[in-house]
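# Fold and contact review
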Amino acid sequence: MRMDLVDDRLDHGAQAVIETERFVLRPPRRSDAGLLNMYVSDERVARNSRSLPHPMPPGATEAFVARSLKPETEEKVWILDGSAHELSEVLGVISLKPLDRDQCEVAFWVAPAFWGTGLARTALAAMVDANPMKAKTMFAEIFQDNQASARVVTACGFEYLGDAETYSVARGSHVPTWTYLRKL
């Protein structure tokens, strides 16, 4: 794995590009909006997320990309880009949201066409190894009916912490979750 800064700035705001053997994790581009919208408009993706609505309102994906590009945005978003490896330019998304006390929360999704291929596990393992926020602990919250994502986080060394629940916009209800943590 190789990690480079998006630009030559060495300030805290520069976001890392993280290379894996199958794809790179890079910041979003405005040109990603079309593929992102196609994937997040799939109810299966939206139902496994806290914040994605279903159906996706017009302009929501473009607003997400614009928000992600602002240097002052605390949550950092990476696109799984497989174009250098003869895969799609957008395979999914992984993000880190800073929390108190050198902790962060990781969230991810992979487009349904690529489910079961190990992309999520590769992306999460690369994110843990790179640790671009220099966190001491990473958390992940997984819906209890999403066994595949639970397997991804445990395969990457996350340990079960406890049960909780969160609101899912797409489902319009509270959903039971499992919380996992990984000490770094």
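Note: the structure precedes this text.
Conventions we followed
- Residues numbered from 1 in each chain as written.
- Predicted model: local features only at pLDDT ≥ 70, side-chain atom pairs only at ≥ 80, totals over all residues.
- Heavy atoms only, no water.
- Helix = DSSP H or I, 4+ residues; strand = E, 2+ residues; numbered from the N terminus.
- Buried < 20%, exposed > 50% of the residue type's maximum accessible area, 1.4 Å probe, protein only.
- Contact = heavy atoms within 4.5 Å.
- Areas by Shrake-Rupley, 256 points an atom, 1.4 Å probe, with all protein chains shown as cover.
- Lys, Arg positive; Asp, Glu negative; His and termini not counted.
- Charge placed at Lys NZ, Arg CZ, Asp CG, Glu CD.
- Axes fitted to C-alpha atoms, helices over the stretch in contact; angles between N-to-C directions.
- Left-handed = near helix turned anticlockwise from the far one by under 90°.
- Nonpolar A, V, L, I, M, F, W, Y, C, P; charged D, E, K, R; others polar.
- 1 Å grid on protein atoms, 1.4 Å probe; cavity = no way out; pocket = protein on both sides within 12 Å on 5 of 7 lines; lining within 4 Å.
- Points joined across faces, edges and corners; volume = space filled by probe spheres on them.
- Phe/Tyr/Trp six-rings, centres within 6.5 Å; stacked < 30°, edge-to-face > 60°.
- Lys NZ or Arg CZ within 6 Å of the ring centre and 35° of its normal.
- Salt bridge = Lys/Arg side-chain N within 4 Å of Asp/Glu carboxyl O.
- Pairing = 2+ DSSP bridges.

Let's shift gears to the overall build of the chain. A count of helical and extended segments in the chain gives 5 helices and 9 strands. The buried share among the 184 residues of the chain stands at 46%. Restricting to contacts in the chain with at least 6 residues of sequence separation, those with at least 24 account for 58%. For the chain, the computed accessible surface area is about 9,700 Å², with 51% contributed by carbon and sulfur atoms. Distance between charge centroids for the chain: 2 Å, based on 21 positive and 25 negative side chains.

Running from N to C, helix H4 (residues 119–130) and helix H5 (residues 147–155) point in directions that differ by 35°, and their axes come no closer than 9 Å. You can see that H4 and H5 cross each other, and the crossing is right-handed. Here H4 contributes Ala120, Arg121 and Leu124 to the contact with H5, which in turn contributes Val152, Val153 and Ala155. A breakdown of the residues in the contact of H4 with H5 according to their chemical character gives 5 nonpolar, no polar and 1 charged.

Moving on, we get to the layout of surface pockets. There is about 1,300 Å³ of room inside the largest pocket. Residue lining of the largest pocket: 44 residues in total, with Asn48, Ser49, Ala107, Phe108 and Trp109 positioned closest to the centre. Broken down by secondary-structure element, the contributors of at least two residues to the lining of the largest pocket are helix H1 (33–40), helix H2 (43–46), helix H3 (60–69), strand S5 (92–99), strand S6 (103–110), H4, strand S7 (137–143) and H5. Partitioning the lining of the largest pocket into residue classes produces 23 nonpolar, 12 polar and 9 charged.

Quick look at the packing of aromatic side chains now. Using the criterion set out here, one finds 2 aromatic pairs in the structure. With a centroid separation of 6.3 Å and an interplanar angle of 70°, the aromatic rings of tyrosine 39 and tryptophan 109 are classed as edge-to-face. Taken together, the positions of tyrosine 39 in helix H1 and tryptophan 109 in strand S6 put the pair 70 residues apart, joining distant regions of the chain. In terms of burial, tyrosine 39 and tryptophan 109 fall into one category: buried. Looking at arginine 44, its charged tip hangs above the ring of tryptophan 115, at a distance of 5.4 Å from the centre.

Here we come to the side chain of threonine 177. One can find threonine 177 in strand S9 (residues 173–183). For threonine 177, a relative accessible area of 0% gives the class buried. With near-sequence residues (within four places) excluded, threonine 177 lies in contact with Glu141, Ile142, Phe143, Gln144, Gly162, Asp163, Ala164, Glu165 and Thr166.

Before going further, it helps to spend a moment on the pattern of salt bridges. One pass over the structure, following the stated rule, counts 10 salt bridges. Aspartate 32 is the partner of arginine 26 in a salt bridge, and the nearest nitrogen-oxygen pair spans 2.8 Å. Two residues, glutamate 89 and arginine 26, come together in a salt bridge whose shortest N-O distance is 3.8 Å. Highlighted residues: glutamate 89 in the loop between strand S4 (76–81) and S5 and arginine 26 in strand S3 (residues 24–26), separated in sequence by 63 residues.

Let's shift gears to the pairing of strand S8 (residues 159–168). In terms of strand pairing, S8 meets S9 through 9 bridges, oriented antiparallel. Opposite glutamate 159, over in S9, you have leucine 181 as the bridge partner. Here S8 hands over to S9 after 4 residues, with glycine 172 in that stretch at a positive phi of 65°.

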